Amino acid sequence: AETKKIAVIAGDGIGPEVVAEAIKVIRKTEEVFGYKFEFEHGLFGGIAIDERGTPLPDDTLQLCKNADAVLLGAVGGPKWDNNPKELRPETGLLGIRKALGLFSNLRPAFVFDCLIEASTIKEEVLRGTDLIVVRELTGGIYFGEKFRREGPNGQEAVDTCVYSVPEVERIARQAFEIAMKRGKRLASVDKANVLESSRLWRETVIRIAADYPEVELEHVLVDNCAMQLLRRPTSFDVIVTENMFGDILSDEAAMLTGSIGMLSSASMGEGSFGLYEPVHGSAPDIAGQGIANPIATILSVALMFRLTFGYEDAASAIEAAVKSVLDAGHRTGDIAVDKSKAIGTVAMGDLIAAAIAK
Ligand code: NAD
Ligand code: IPM
Ligand code: MN
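Analysis parameters
Every chain is numbered on its own, with residues counted from 1 as its sequence reads. Chains and ligands are labelled by the order in which they are written, letters from A for the one and numbers from 1 for the other. Local features in this predicted model are restricted to residues of pLDDT 70 or higher, and side-chain atom pairs are both shown and tallied only at a pLDDT of 80 or more, whereas totals for entire chains, interfaces and linings draw on every residue. UniProt positions are given in the numbering used here, feature names are shortened, and annotations may be inferred rather than shown by experiment. Lines fitted to the C-alpha atoms define the axes, with helices restricted to the stretch that makes contact. Angles between their N-to-C directions range from 0 to 180 degrees. Only DSSP runs of H or I with at least four residues qualify as helices, and only runs of E with at least two residues qualify as strands; both kinds are numbered from the N terminus onward. Should an angle lie under 35 degrees it is considered roughly parallel, over 145 roughly antiparallel, and from 65 to 115 roughly perpendicular; all remaining angles are considered oblique. Should the near helix be turned anticlockwise from the far one by less than a right angle, the crossing is termed left-handed; should it be turned clockwise, right-handed. Any residue pair is listed as a contact if its two C-beta atoms, each placed from the backbone, are within 7 Å. Here the nonpolar group is Ala, Val, Leu, Ile, Met, Phe, Trp, Tyr, Cys and Pro; Asp, Glu, Lys and Arg are the charged ones; every other residue, Gly included, is treated as polar. Whether a residue is buried, exposed or partly exposed is read from the other C-beta atoms within 10 Å of its own C-beta, which are placed from the backbone; 20 or more gives buried, 12 or fewer gives exposed, and intermediate counts give partly exposed. For a helix, the expected span equals 1.5 Å multiplied by the residue count minus one. pLDDT measures how confident the predictor is about each residue, on a scale from 0 to 100. For two strands to count as paired, DSSP must find a minimum of two bridges between them. In this entry, domain limits derive from an automatic or database-based domain assignment. In this description, a nonpolar core means buried residues of the types Ala, Val, Leu, Ile, Met, Phe, Trp, Tyr and Cys, linked to one another by C-beta atoms lying within 7 Å.

The name an unreviewed UniProt entry gives the chain is 3-isopropylmalate dehydrogenase, with Paenibacillus antri as the organism. In its Sequence similarities (unreviewed entry) section, the UniProt record describing the chain reads: "Belongs to the isocitrate and isopropylmalate dehydrogenases family. LeuB type 1 subfamily." Check the Subcellular location (unreviewed entry) section of the UniProt entry for the chain; it says "Cytoplasm".

Pasting the structure below:
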């Protein structure tokens, strides 16, 4: 097979810990399936601020642009929390998504039967949950104009939420396409009862829906969606929503799976290039202890193989390996019912890599 180039930007906190296990799994697929990968590492996030004075150095961005796919850990931490905007790790994350044109963030949330007991939600509510959040990633309040000003009562802060029709159209199309390949049900989540940007969102989604008559479309207000996710998660198939709603709802959806340490993501543009990262952050509270769950990052590799490389055999093998290790009862602390039996990050990565087979 031709060698695929993967840019690795491990970042901060548990980022490097979980990325190391993902690389271990990728290496194992070379042995088992004969694929070839080349890794190039770049500085990104807080560590890049410390070493290079910026969260997203030009050479890191170039490395990503020259790669076939990007594997990202996580960024951020208390050390940089009071920095000005340009010197924040999170600014680098938004910058890389924008610079690579990754407007579509796919966050699948499905429940492994053996992890139902790990969730805080009741078994009968959870069983069969299998949904995907399609989050718009390069627009909305994250990227609108932001500023401070003097108001009549002192300082004011302004964040603007802007969506253009083409921005909504392209994410809506992707969501409909995904729905066509899944259960053909799409919930478009907005706050159209209050926000003008949501009203434009809803109008646009309705117009695009005409091209997908087979997909059953419902519009759900975001507050109601947050509630329904806990009341009847199995009723959702594909959820499409704007940037900030998607950020919040996907962390909520993570708890259906048992832990934020289980949730993978793919960030895509129009083509097959993609950036793959766990949904969770740098987890400063557990960083350096070797106890982080690497499964979210490992499942993100499965998405990379499927969506960027078209290596469906290896993608399925990774998912099957994760399932078999969980079925055998192995747990990191975040998903362990009996915490005294929890294993560490490296042990979990070793077990999953060892379970990968044709
Ligand atoms: P977080 O996701 O880092 O952590 C939330 C909680 O979940 C913590 O208790 C943490 O220990 C736990 N957790 C997260 N991942 C885990 C894993 N793999 N295994 C076990 N437990 C896990 O969110 P936060 O605490 O709000 O944010 C911490 C930092 O991470 C902040 O600086 C934030 O900006 C950043 N962040 C980065 C990303 C990213 O890089 N994509 C995403 C979210 C947050
Ligand atoms: C995520 C994170 C980021 C986001 C932060 C760290 C900028 O929470 O990837 O979900 O809000 O997009
Ligand atoms: Mn988030």
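### Describing the packing of helix α10 (residues 295–309) against helix α11 (residues 312–327)
Where α10 contacts α11, the axes come no closer than 7 Å and their chain directions differ by 160°. In terms of orientation, α10 lies roughly antiparallel with respect to α11. Two packed elements cross with a definite hand, and for α10 against α11 that hand is left-handed. Residues I295, I298, L299, V301, A302, F305 and R306 of α10 form the contact with α11, whose own contacting residues are E312, A314, A315, I318, E319 and V322. Grouping the amino acids of the contact of α10 with α11 by side-chain chemistry returns 10 nonpolar, no polar and 3 charged.

### Quick word on the UniProt feature "binding site: Mg(2+)" (unreviewed entry) in the chain
The feature "binding site: Mg(2+)" (unreviewed entry), as given by UniProt, occupies D223, D247 and D251 in the numbering adopted here. The annotated residues occupy 29 residues of the chain but converge on a single region, no pair of C-alpha atoms lying more than 14.5 Å apart. Relative to the helices and strands, D223 is located in helix α8 (residues 222–231). D223 sits in the partly exposed class, given 13 other C-beta atoms within 10 Å. Tracing the sequence through the fold places D247 in helix α9 (residues 243–257). The exposure class of D247 is partly exposed, given the 18 C-beta atoms found within 10 Å.

### Thoughts on helix α1 (residues 15–33)
Counted at 1.5 Å a residue, the expected span for α1 with its 19 residues is 27 Å, and the 27 Å between its end C-alpha atoms agrees. Regarding α1, the residues found buried are G15, E17, V18, V19, E21, A22, I23, V25, I26, K28 and T29. Immediately beyond the C-terminal end of α1, within one or two residues, lies G34, with a positive phi of roughly 80°.

### Brief notes about the confidence of the model for the chain
For the chain, the mean per-residue pLDDT works out to 98, and 100% of the residues sit at or above 70. On the interface metric, ipTM, the complex scores 0.99, and its pTM is 0.98.

### Focus: the sheet that holds strand β9 (residues 216–221)
The 10 strands are arranged β2-β1-β3-β12-β11-β4-β5-β10-β8-β9 in an open sheet whose pairing can be described as mixed. Bordering the open sheet on either side are β2 (36–41) and β9, each of which pairs with just one other strand. Neighbour-to-neighbour, the strand axes of the sheet open up by a mean angle of 25°, direction not taken into account. In the packing of α1 onto the sheet, contacts are made with β1 (3–11), β2, β3 (69–74) and β12 (274–278), and the angle to β3 comes to roughly 145°.

### Things to note about the UniProt feature "site: Important for catalysis" (unreviewed entry) in the chain
Within the UniProt annotation, "site: Important for catalysis" (unreviewed entry) is assigned to Y142 and K191. Mapped onto the fold, K191 is located in the loop between β8 (185–190) and α7 (196–209). Contact partners of K191, with chain neighbours within four places excluded, come to S198, L221 and V222.

### Here's the deal with the domain arrangement of the chain
Entries for the chain in the domain assignment read domain 1 (1–115 + 262–358) and domain 2 (120–257). The centre of domain 1, based on its C-alpha atoms, is set 24 Å off from the matching centre of domain 2. Counting from both sides, the interface comprises 18 residues of domain 1 and, opposite them, 23 residues of domain 2. Put simply, the parts of the chain that give the side of domain 1 that touches domain 2 at least two residues each are α4 (89–99) and β4 (104–110).

### Considerations on the nonpolar core
Core analysis: the largest hydrophobic core is formed by 103 residues, its most contacted members being V70, I239, Y276, V301 and I318. No other element matches α10, which puts 10 residues into this core. Each of domain 1 (1–115 + 262–358) and domain 2 (120–257) gives at least three residues to this core. Setting aside residues up to four positions removed in sequence, I318 forms contacts with V25, I298, V301, A302, F305 and I356.

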